[in-house]
Every structure is written in C-alpha cells, then in structure tokens.
Amino acid sequence: MSACIDLYDVRCTLAGRTVLDIERLVVGEGERVAIVGHNGAGKSTLLRVLSGFTRPTAGQVSVLGLRLDASLPPARLRALRREAGQVLQGLHLVPRLSALENVLIGSLGRVTGWRSWVRRYPAHEIERAHAALAQVGMLDKASMRTDGLSGGERQKVAIARMLVQAPRLILADEPTAALDPAAAQVICRVLGMAVAGKTLVSVVHNTTLLPLLAERVIGLRKGRIAFDLPQSQVDTRQLAALYGGPSVPVRDRVDEHFKRRQHTCLHPDASAGRSPCH
C-alpha cells in the first residue's frame, strides 16, 4: 500500500497565529479518514493544504505523489485538481443549469476548448453523467434545474459530479452541514458507496456520522493532532477531551497505524481472511 497523503512538520500561520501544526500525517491509498474538532481547530485549513489552495508556511506536503509545499507549474496543478475531487459545504452548483448539466461539469478536466464553452459534451461523457446520477438515485431528476431541488438532492448532484470527475482522492468539507439528521445519514451512505476503493478525507461536524464515513478518525485541537485512532476506538472520552477538556496525547499513532494497515494488506489472514485494501 502506498501513501496518498504524507505531511511532515507542516505549519500554517495566519497574521502571526499558528492555525495548523502537524508533525506527521500519513494516509494510505483507499483509506477513509474523518477529521473532527471544534470551530477553528484547523480542519478546513488542512483540507485547503491537501487540495493545493493553501501553501504551508513550513514543512513538507505530498499528495498523490506531488509536493505541494513548493510552487507547482500550472499544468501539474491542473492535473492534481483532476485527481483530487471535492465535496464542499456550499456545493458550488450552477442554479440555472439542470442536474445533468451540473454533473457534466465534472468532466471539464477532460473536455476542453470550444466544447467546454458551449456545453457540447461528447456522448460518452453524457453516458457517464447519466450513470453517476443513477448511482446516487437522481436519474429521474436529471433534467430539473438544481435551484428546484431539495438540499439533500443538491448534495447528491454534487456527489454525482465528483463521480464523473473520477478522482483518486476525495476531500469532503462537512458534506452534511445543511441537512437534517435523516437526510445527512442518506448522504453519508451514498457518499460511502460512491467512493468505494478511493481515498476519502472528510471534515465531520456531527460525530454520530463517523461510522458511515470513516474507518479512522483524527481529532484536531488548536491545529494539532490530539488523537489518531481507528473509528471503532473513538469514544465519548476522546471526544469530550477534544471539544472541552485537555487534549488526549497519542504518540506515534500515524506511523503505527500506517504500518499496521500495510501489514494487513500484505497478510490478509491477519484480519479474518480479508484485507481492508480491497
């Protein structure tokens, strides 16, 4: 198993204040990781660093084999944006366009020139968009304008757009923030199925959704990693300490987790005959 994300001594400062300070963070290909923490803990900053929108003040950042702590040529940055999809709180859908047309925007990394300007997509991309809408249960509303859809339906359209993009890494920033509890659970299940086999890093506000989104949970407090644990081991004690009490120090969790997962991938029998890498 190779590393999809590798951070070493990364620090981000804003107006003289340190907003992110991570000694070590490794995420393997195919892992599903949730980032939790109170407002201002550095969660969204971390996602911006991973997407290349924010360059760290210091340290090394490698995402999908590209170093993001140094300036990237525009062509390589565009290549990264094709391989790293995002599902954001604001969704960034075009209200006057149909669900299908919004989903087709995910193909613009492959469709260039005049076709992208006049929205004349190749037939195979239209087929891919229909398949993505079907996967999230929205094919029957493909022709509807997105400003006429519910919040949960718009979120499904955003996930379908990400599917058409076909990235290797998905960065989701509180994808259920504007949804009611029932709709949030539906979206988490849809997202979980949609990203099967890909690397998913989600910022999660509602911790009850963690089992649906992650196999590993990283708690951030004041920009630092307070804990890095398998989702099954995260309990009220860790969460209470993260959101209110003293931080829970977890030494060398990253390297131990990465090595343990790599061993399981190489030796499936170590995990009841099944490797989590497949």
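What counts, and where the lines are drawn
Residues numbered from 1 in each chain as written. Predicted model: local features only at pLDDT ≥ 70, side-chain atom pairs only at ≥ 80, totals over all residues. Heavy atoms only, no water. Helix = DSSP H or I, 4+ residues; strand = E, 2+ residues; numbered from the N terminus. Areas by Shrake-Rupley, 256 points an atom, 1.4 Å probe, with all protein chains shown as cover. Pairing = 2+ DSSP bridges. Axes fitted to C-alpha atoms, helices over the stretch in contact; angles between N-to-C directions. Contact = heavy atoms within 4.5 Å. Buried < 20%, exposed > 50% of the residue type's maximum accessible area, 1.4 Å probe, protein only. pLDDT = per-residue confidence, 0-100. Expected span 1.5 Å × (residues − 1). Polar contact = N/O pair within 3.5 Å; in protein donor to acceptor, adjacent residues only side chain to side chain. Salt bridge = Lys/Arg side-chain N within 4 Å of Asp/Glu carboxyl O. Phe/Tyr/Trp six-rings, centres within 6.5 Å; stacked < 30°, edge-to-face > 60°. Lys NZ or Arg CZ within 6 Å of the ring centre and 35° of its normal. Parallel < 35°, antiparallel > 145°, perpendicular 65-115°, else oblique. Left-handed = near helix turned anticlockwise from the far one by under 90°. Nonpolar A, V, L, I, M, F, W, Y, C, P; charged D, E, K, R; others polar.

## Some details on the overall build of the protein chain
No. 1: Looking only at helices and strands, one finds ten helices and ten strands in the protein chain.
No. 2: As presented, the protein chain carries roughly 13800 Å² of accessible surface, and 51% of it is formed by carbon and sulfur atoms.

## Quick look at the sheet that holds strand S10 (residues 224–230)
No. 1: Pairing in this open sheet of six strands is mixed, and the strands run S6-S7-S8-S3-S9-S10 from one edge to the other. Edge strands, defined here as strands with exactly one partner in the open sheet, are strand S6 (84–87) and S10. Each strand axis lies, on average, 20° off the axis of its neighbour in the sheet, ignoring direction.
No. 2: Bridge count between strand S3 (residues 32–36) and strand S8 (residues 199–203): four bridges; the pairing is parallel. Of the residues in S8, the one forming a bridge with Arg 32 is Leu 200.
No. 3: Contacts from helix H9 (residues 236–243) reach S3, strand S9 (216–221) and S10 within the one sheet, and its direction differs from that of S10 by about 165°.

## Observations regarding unusual backbone geometry
No. 1: A positive phi angle is found at Ala 15, which is not glycine, with a value near 55°.
No. 2: With relative accessibility at 85%, the residue Ala 15 sits in the exposed group.
No. 3: Phi at Ala 166 takes a positive value of approximately 60°, unusual for a residue other than glycine.
No. 4: Position of Ala 166 relative to the elements: it lies in the loop between helix H6 (151–165) and strand S7 (169–173).
No. 5: Note on Ala 166: relative accessible area 34%, which makes it partly exposed.

## Some thoughts on the confidence of the model for the protein chain
Detailed reading of the predicted model is not advised wherever pLDDT is low.
No. 1: Put simply, the protein chain has an average pLDDT of 83, and 84% of its residues get 70 or more.
No. 2: When the criterion is pLDDT under 50, residues 246–258 qualifies, and its contacts beyond four places in sequence or with other chains add up to 31 contacts.
No. 3: Every residue in residues 264–278 scores below 50 in pLDDT, and together they form 14 contacts with partners more than four places removed in sequence or on other chains.

## A few points about helix H7 (residues 181–194)
No. 1: For H7, which comprises 14 residues, the first-to-last C-alpha distance of 20 Å matches the rise-based estimate of 20 Å (1.5 Å per residue) to within 8%.
No. 2: Every buried residue of H7 is accounted for by Ala 184, Ile 187, Cys 188, Val 190, Leu 191, Gly 192 and Ala 194.
No. 3: Contact partners of the buried residues in H7: S3, helix H5 (123–135), H6, S7 and helix H8 (210–213).
No. 4: Where H7 begins, one side-chain oxygen reaches toward the backbone nitrogen of Ala 182, 3.1 Å away; that side chain belongs to Asp 180.

## Things to note about the pattern of salt bridges
A side chain with one charge may pair with a side chain of the opposite charge, provided their charged atoms come close.
No. 1: Applying the stated criterion across every chain, the model contains nine salt bridges.
No. 2: Close ionic contact of Arg 168 with Glu 29 constitutes a salt bridge, the shortest N to O distance being 2.8 Å. Pair noted here: Arg 168 is in the loop between H6 and S7 and Glu 29 is in the loop between strand S2 (17–28) and S3, with a separation of 139 residues, a long-range link.
No. 3: For Arg 168, a relative accessible area of 37% puts it in the partly exposed group.

## Description of the packing of aromatic side chains
No. 1: Enumeration over the complete set of coordinates arrives at zero aromatic pairs.
No. 2: Geometry around Phe 53 places Arg 81 over its ring, the cationic atom sitting 3.8 Å from the centre.

## Digging into the sheet that holds strand S1 (residues 3–14)
No. 1: Reading across the sheet, the four strands line up as S2-S1-S4-S5 and stay open at both edges, with antiparallel pairing between neighbours. The open sheet has two free edges, formed respectively by S2 and strand S5 (66–67), since each of these has just one partner strand.
No. 2: Relative to S5, strand S4 (residues 58–63) runs antiparallel, the two being bridged by two bridges. Bridge pairing in S5 places Ser 62 opposite Arg 67.
No. 3: The strands that helix H1 (residues 43–51) touches are S1, S2 and S4; relative to S2, the one it contacts most, it runs at about 60°.

## Thoughts on the environment of Arg 55
No. 1: The residue Arg 55 is located in the loop between H1 and S4 in this model.
No. 2: The sequence separation of Arg 55 and Val 10 amounts to 45 residues, and the corresponding C-alpha distance is 9.9 Å.
No. 3: Not counting residues within four places of it along the chain, the set of residues in contact with Arg 55 comprises Leu 68, Asp 69, Ala 70 and Ser 71.

## Overview of the side chain of Glu 153
No. 1: With respect to the helices and strands, the residue Glu 153 is situated in helix H6.
No. 2: Each residue touching Glu 153, except ones within four places of it in the same chain, is listed here: Met 138 and Lys 141.

## A few points about the packing of H5 against H6
No. 1: The geometry of H5 relative to H6 is characterised by a closest axis approach of 9 Å and an angle of 135° between their N-to-C directions. On the basis of the axis angle, H5 is oblique to H6. Between H5 and H6 lies a crossing of right-handed hand. Together, Glu 125, Arg 128, Ala 129, Ala 132, Leu 133 and Gln 135 of H5 and Ala 160, Leu 163 and Val 164 of H6 make up the contact between the two elements.
No. 2: A class-by-class count of the residues in the contact of H5 with H6 yields six nonpolar, one polar and two charged.

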